[in-house]
Amino acid sequence: MVTIMFGKLKEKLGKTISKLTEKIYKKGEAKEVTIEQSKEEKPQTQMEKSEKKSPFGFLKRDTPTKDKEKEKTIEKIEETPQKKEISFFDRFKITKTIKKVLKKEVVITEDDIEDVLEELELELLEADVAYVVAEKIIESLKNQLVGMKISPNDDPEEITINALKNAIKEILSQEHIDVEEIIKEKKKKGEPAVFVFVGINGTGKTTSIAKLAYKLKNKGYSVVLAAGDTFRAGAIEQLEEHAKNVGVKVIKHQKGADSAAVIYDAIQHAKARGIDVVLADTAGRQATNVNLMDEIKKVVRVTKPDLVIFVGDALAGNDAIYQAEEFNNAVNIDGVILTKVDADAKGGAALSIAYAIGKPILYLGVGQRYEDLIEFDVDWMVNKLFGEEEVKFSTEREF
Ligand SMILES: Nc1nc2c(ncn2[C@@H]2O[C@H](COP(=O)(O)OP(=O)(O)OP(=O)(O)O)[C@@H](O)[C@H]2O)c(=O)[nH]1
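Residues numbered from 1 in each chain as written. Predicted model: local features only at pLDDT ≥ 70, side-chain atom pairs only at ≥ 80, totals over all residues. Heavy atoms only, no water.

In the annotation of an unreviewed UniProt entry, the protein is listed under the name Signal recognition particle receptor FtsY and assigned to Methanotorris igneus. What UniProt records for the protein under Sequence similarities (unreviewed entry) is the sentence "Belongs to the GTP-binding SRP family. FtsY subfamily." Taken verbatim from the UniProt record of the protein, the Function (unreviewed entry) comment is "Involved in targeting and insertion of nascent membrane proteins into the cytoplasmic membrane. Acts as a receptor for the complex formed by the signal recognition particle (SRP) and the ribosome-nascent chain (RNC)." (UniProt positions renumbered as here; feature names shortened; annotations may be inferred.)

Below, the structure written as structure tokens:
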């Protein structure tokens, strides 16, 4: 079954836009008007185009009406509005579009939208959006929409989509961390950049390290891995397997050794050989395990990494956010890698984790191949939530 990434969230946002738009139309006593357009007339405006291709499918589509003396057809929407030679017969092809237009100006009040926003809040929580994030989105929508004047020339759908996009961008926008910039700055000082990966068991730390090693190596950086997970049986061998596949070296000690010592040795190795980056694995641990959390604090104290990266599992929903908060309180996380986003039909964790801990998402794990690690970008996520295309990720497995 192919998961539609953020599918649940996308569906709920679409329903909200439809309801808010209808509220505005109703209050403005909107009437339906028919717009006739022949091929020769001006090319469609972007809004008219998006109205026909609305991602949420609830908007009026072209409704061709049969007309004896003239053949009518839906005007084919050009992906890119190139000037095309129009044939003689094409000139008579008329497009009729029915669109709603407000009869009078509308000033939105809190009463107008209260019920829709209450429903949205519940639906966001159902999509694993953290409570504090759902609250923030509702508050942002109220601040943007209550008191807004909408004239008959405005497009209510465009206004509601933009309001929701702004609310989500506010949530997603955290201070950006440029990983490559950190590597370059450390290189200038003749030192390796050190990134330590933390998180609970099974979230995808080891595979995310391998994916980042693959990405950085392909960008021309030299990378060494530190087998800091000296606790779980097979963890060292798993990392060695990835290292062999990706073509990088691993620094390891025996199982049960001190994690900080392994990572410290890897840093010395990198310094001695002028290697650019050390990616350090650590044992998966429950945030509630005090001894293991003390160990990770020692790792950070001893190795002084440039980035402590929390690896969270998008499928864990709110648990991923709780774990991120706990790790952030213990060792001050710098950034997040959210894994298994390709398998996450809800999308709540991706929307919530950065806001909940006030740290940026650095990368998203989107599959089980070494290339399935993408740099997180707010506009990319907003386009996935509001865009039309369904993102298809590979289900191929390399590990
Ligand atoms: N679909 C999908 N699976 C992933 C992704 N990232 C990791 N996985 C899978 O998640 C499982 C756990 O990955 P690991 O890297 O072993 O997890 P870990 O955090 O190192 O686990 P511990 O070593 O026990 O702490 C593996 O089967 C991975 O293939 C991803 O982005 N998408």
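Asker: Now, about the site of the ligand: what can you tell me, with residues and values included?
Answerer: Around the ligand there are 21 residues in total, and Lys-205, Thr-206, Thr-207, Arg-232 and Gln-368 lie nearest to it. At 3.2 Å from an oxygen atom of the ligand is found a main-chain nitrogen or oxygen belonging to Thr-203. Expressed as a share of its isolated accessible area of 660 Å², the protein-covered part of the ligand is 85%. Top element by residues in the shell around the ligand is helix 7 (residues 205–218). It accounts for four residues. Looking at side-chain class alone, the shell around the ligand contains two nonpolar, twelve polar and seven charged residues. (Near = heavy atom within 4 Å. Polar contact = N/O pair within 3.5 Å; in protein donor to acceptor, adjacent residues only side chain to side chain. Areas by Shrake-Rupley, 256 points an atom, 1.4 Å probe, with all protein chains shown as cover. Helix = DSSP H or I, 4+ residues; strand = E, 2+ residues; numbered from the N terminus. Nonpolar A, V, L, I, M, F, W, Y, C, P; charged D, E, K, R; others polar.)

Asker: Describe the sheet that holds strand 12 (residues 373–375), with residues and values.
Answerer: With mixed pairing, the eight strands of this open sheet are ordered in space as 7-6-8-5-9-10-11-12. Edge positions in the sheet fall to strand 7 (249–251) and strand 12, since each has one partner strand and no second. Pairwise comparison of adjacent strand axes, ignoring direction, gives a mean angle of 25° for this sheet. Pairing between strand 9 (residues 307–313) and strand 10 (residues 335–339): five bridges, direction parallel. Across the sheet, the residue bridging to Ile-309 is Gly-335, located in strand 10. Relative to strand 10, helix 12 (residues 348–357) is tilted by about 165°, and along the sheet it contacts strand 9, strand 10 and strand 11 (361–365). (Pairing = 2+ DSSP bridges. Axes fitted to C-alpha atoms, helices over the stretch in contact; angles between N-to-C directions. Contact = heavy atoms within 4.5 Å.)

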